[in-house]
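# Examination of the molecular architecture
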Amino acid sequence: MADALSIIPASVLRNLSDKLYEKRKNAALEVEGIVKQLVAAMDHDRITAVIKLLVEEYTYSPQANHRKGGLIGLAAATVGLTSEASQHLEQIVPPVLHSFSDQDSRVRYYACEALYNIAKVGLVVRGDFIVFFNQIFDALCKLSADSDANVQSAAHLLDRLVKDIVTESDQFSIEEFIPLLRERMNVLNPYVRQFLVGWITVLDSVPDIDMLGFLPDFLDGLFNMLSDSSREIRQQADSALTEFLQEIKNSPSVDYGRMAQILVQRAGSHDEFTRQTAITWINEFVKLGGDQLVPYYADILGSILPCISDKEEKIRVVARETNEELRELKADSAEGFDVGAILNVAKSHLSSEWEATRIEALHWISALLNRHRSEVLSFLSEISDTLLNTLSDHSDEVVLLVLEVHACIAKDDEHFHQLVLSLVQNFRGNNTLLEKRGALIIRRLCVLLDAETVYRKLSSIIEKELDLDFAAVMVQALNLILLTSSELFQLRELLKQSLINAAGRDLFLSLYASWSHSSMATISLCLLAQAYQHASTIIQSLVEEDINVKFMVQFDKLIRLLETPIFAYMRLQLLDPRRHVCLLKALYGLLMLLPQQSAAFKILRTRLKTVPSYSLSDEQVQFGTVHFNPGSSSSVPIEPIMNDHFKQGTDNTQSWIDFSSRLQLFEQMQQKHRTLAKSQALQHKYSTSTKDIQQLEEPKQELPDANQPTSKSSRKAPGPLQL
């Protein structure tokens, strides 16, 4: 220290800490001259002493003017060192950087100015100056957001100079810089963000610096800037990302995996611009990534599916394109293709609030079934409940698609049985599903899986159903679908041949047991199968039935169905009542059960009035001449008309089926329903009686004394009797 004091005159040292800038500047010039003389004499020891004096007595001084003088003195000493500065930069630069965080804004300003002058010398010895780059970058990063505008301006000038030094240096270490950059990318200050994007852009423009290789380290930070409130920052970040995406397209080796994970997260951003940019990148990655992206397919799919329903059309378009391209890619487990993970993603999006997303999720499950059936079936227990619940979806398109998935799963007998069983269980537990979606579900399955097979399986399951009320409702629904759906035309045609065709007979018998849960459904089945004599017998057996409102509603439906095109063949048979006596008997039996004032009675009576009388009026039978004229009061019973001629045709072929055993089965099933109805009625009666008893046990109002005069209010008007 003593050497330094002897080298620098006392007046210079005094002026170096003066409050006037001009005196400090002149003193600094004196220091510069002294250092040049020492450099010429190659006296580095005394140079070191001078620098030490400036640092310890001035730069770290508690007095602001001393600190300002110390900074300008260090800059002057560095200028005096010129090419010899490299030996003393480790003494000079750290105290200047320390001053960047000084509480006095003027000190920070002079620190920028001092480092700027030091950096200019660093252009000569840039290899030694670049060693301090990370520290300088960190300091500039903070100064870019300085509260003082003059400090910010000085920092910007210094920043441009440092960029020039780095871009021209061949000793810059990008590997050492990236961790610092990654750490700073999460800063929210807009000035710092501008500073960071500027450095990324500059470094990326240097051919010898491979910023693309380190893109995963700061990609998330760039995407984070896309939602900044400043339009300028958003544009700068977008410009940088666009440039990097172009480089990716032209680069033979890119780390798609790490970046894909970042993009997946950003595709779910609340910011529209961020989502759009992320989905655009994902689209390019799907096209370019190849095998690298296979392990990330599930994550990518999870980000695409919500975007398919995005409120912004541009995002929806790109998301749909990406989804189609991803589904077209072929991959197997050996390449890391995880069927289970993708299946879970699709399953989770079946509960999405957006219809388009649910539809695409079902398309994915269907595609997986077509390509990786065995693997998908191994996860069936995990997705089956979700698929079944999707049948309750409010969208018809979703329901139709999930039915296709179910049909694809049910290609083998085991899974087919499980599907139909699960459907019946769902219908039992969810009456709304059966009412609103039952017809659509059954009809579509009949198209996808063969109507006869579906109905046979449903019948076999319902036959064993313990819940008799549900079984009756289910059979009535299936019967209505059978009689009205165009998809079941072939099934109806087969049933019409039940008395003359083995296949039709087998189908009739397979349905009969479960159809016995509903008398109306059984009668419909018999009329469809042209088993008119058995239909008549069943109708006569209904005398024991409790004919209630429910029963009459089913009757009404049956009568109206008889007037539809489905039963046109039956109505035409009425033109020849001699051959179809049992049909007439069955229809008249139905008529006798209906209340005369009901609409169904009027419909059926009107139909029977149209039966021609001529076909019987001239016919001589063994019981005598029978005149038959439906609608006239002189009509006679037609039951006796059963000579050999009438036994031919439809009614004579009933030997194909043991109808006596069928009748016994029907009566047994109806007896079970009657027993259940009585039990329910008794239970209801008991619960009602209990309630009445409880009401009677409640405290009663005191009766008025008969001797007391009646109040005025009681004489106003007659009211309900009170005990």
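Residues numbered from 1 in each chain as written. Predicted model: local features only at pLDDT ≥ 70, side-chain atom pairs only at ≥ 80, totals over all residues. Heavy atoms only, no water.

## Here's the deal with the overall build of the chain
- Scanning the chain for helices and strands turns up 38 helices and 2 strands.
- Within the span of the chain, comprising 723 residues, buried residues form 49% of the whole.
- In the form shown here, the chain has an accessible surface area of approximately 35,600 Å², with 50% of it arising from carbon and sulfur atoms. (Helix = DSSP H or I, 4+ residues; strand = E, 2+ residues; numbered from the N terminus. Buried < 20%, exposed > 50% of the residue type's maximum accessible area, 1.4 Å probe, protein only. Areas by Shrake-Rupley, 256 points an atom, 1.4 Å probe, with all protein chains shown as cover.)

## What about the side chain of Ser536?
- Positionally, Ser536 belongs in helix α31 (residues 532-541).
- The residues touching Ser536, leaving out its near neighbours within four places in the chain, are Cys582, Lys585 and Ala586. (Contact = heavy atoms within 4.5 Å.)

## Looking at the environment of Leu188
- Looking at where Leu188 falls in the secondary structure, it is placed in the loop between α11 (174-184) and α12 (190-204).
- C-alpha separation for the pair Leu188 and Met225, spaced 37 residues apart in sequence, amounts to 8.4 Å.
- Residue contacts for Leu188: discarding those within four places in its chain leaves Arg193, Asn224 and Asp228.

## Thoughts on the packing of helix α25 (residues 431-449) against helix α26 (residues 451-463)
- Contact pair α25 / α26: the axes reach a minimum separation of 6 Å and the direction vectors enclose 125°. As judged from the angle between their axes, α25 and α26 are oblique. Contacts from Ile442, Leu445, Cys446 and Leu449 of α25 reach α26 at Ala451, Thr453, Val454, Tyr455 and Leu458.
- Here the contact of α25 with α26 is built from residues that sort into 8 nonpolar, 1 polar and no charged. (Axes fitted to C-alpha atoms, helices over the stretch in contact; angles between N-to-C directions. Parallel < 35°, antiparallel > 145°, perpendicular 65-115°, else oblique. Nonpolar A, V, L, I, M, F, W, Y, C, P; charged D, E, K, R; others polar.)

## So, helix α29 (residues 502-515)
- Taking 1.5 Å per residue, 14 residues should reach 20 Å; α29 reaches 20 Å between its end C-alpha atoms and fits that length.
- For α29, the complete set of buried residues consists of Gly504, Leu507, Phe508, Ser510, Leu511, Tyr512, Ala513, Ser514 and Trp515.
- Regarding α29, its N-cap is Asn501, as a side-chain oxygen of that residue lies 2.7 Å from the backbone nitrogen of Ala503 further along. (Expected span 1.5 Å × (residues − 1). Polar contact = N/O pair within 3.5 Å; in protein donor to acceptor, adjacent residues only side chain to side chain.)

## So, the nonpolar core
- The biggest cluster of nonpolar side chains holds 231 residues, and the ones touching the most others in it are Trp281 and Tyr455.
- When near neighbours in sequence (up to four residues on either side) are disregarded, Tyr455 contacts Ile442, Cys446, Leu478, Ile481, Leu482, Leu488, Leu491, Leu511 and Trp515. (Core = buried A, V, L, I, M, F, W, Y, C linked by side-chain atoms within 4.5 Å.)

## Some remarks on helix α18 (residues 313-328)
- Between its terminal C-alpha atoms α18 stretches 23 Å, which fits the 22 Å expected from 16 residues at 1.5 Å a residue.
- Within α18, burial applies to Ile315, Val318, Ala319, Thr322, Asn323, Leu326 and Arg327. End-on, the buried residues of α18 take up no more than an arc of 165°, which puts them together on one face. Along α18, the residues that are exposed and aim more than 90 degrees away from the buried face are Glu313, Lys314 and Glu328.
- Of the surrounding elements, those touching the buried residues of α18 are α16 (272-288), α17 (297-307) and α20 (355-371). (Arc of directions from axis to C-beta.)

## Some words on the environment of Gly438
- Its location among the elements puts Gly438 in helix α25.
- Given a relative accessible area of 3%, Gly438 falls into the buried group.

## Remarks on the packing of helix α28 (residues 489-496) against α29
- Look at α28 against α29: their axes get within 7 Å of each other, and the N-to-C directions meet at 100°. Classed by the angle they form, the pair α28 and α29 counts as roughly perpendicular. Here α28 contributes Leu491, Leu494 and Leu495 to the contact with α29, which in turn contributes Ala503, Gly504, Leu507, Phe508 and Leu511.
- Its residues placed into classes, the contact of α28 with α29 shows 7 nonpolar, 1 polar and no charged.

## Regarding the pattern of salt bridges
- Applying the stated criterion to the full structure yields 31 salt bridges.
- Each member of the salt-bridge network shares a partner with another, and the members are Asp138, Lys142, Glu183 and Arg184. (Salt bridge = Lys/Arg side-chain N within 4 Å of Asp/Glu carboxyl O.)

## Observations regarding unusual backbone geometry
- We note that Asp450 has phi near 85°; this positive angle belongs to a residue other than glycine.
- Here Asp450 shows up in the loop between α25 and α26.
- The backbone of Gln530 shows a phi angle near 65°, a positive value even though the residue is not glycine.
- In this structure, Gln530 sits in the loop between α30 (519-528) and α31.

## Focus: the packing of aromatic side chains
- Inspection of every chain in the model, using the stated rule, returns 21 aromatic pairs.
- Taken together, the ring pairs in this structure connect Phe133, Phe137, Phe172, Phe177, Phe195 and Trp199 into an aromatic cluster. (Phe/Tyr/Trp six-rings, centres within 6.5 Å; stacked < 30°, edge-to-face > 60°.)

## Description of the confidence of the model for the chain
- In this model, the chain carries an average pLDDT of 85, and 87% of its residues clear a pLDDT of 70 or more.
- Across residues 617-655, where pLDDT falls below 50, the model places 65 contacts with residues more than four positions away in sequence or in other chains.
- Confidence drops under a pLDDT of 50 for residues 699-723, and excluding neighbours within four residues, the segment shows 2 contacts in the predicted structure. (pLDDT = per-residue confidence, 0-100.)

## Considerations on the side chain of Ser352
- Positionally, Ser352 belongs in the loop between α19 (339-348) and α20.
- Exposure remark for Ser352: the relative accessible area of 12% places this residue in the buried category.
- Excluding anything up to four places from it in sequence, Ser352 contacts Thr357 and Arg358.

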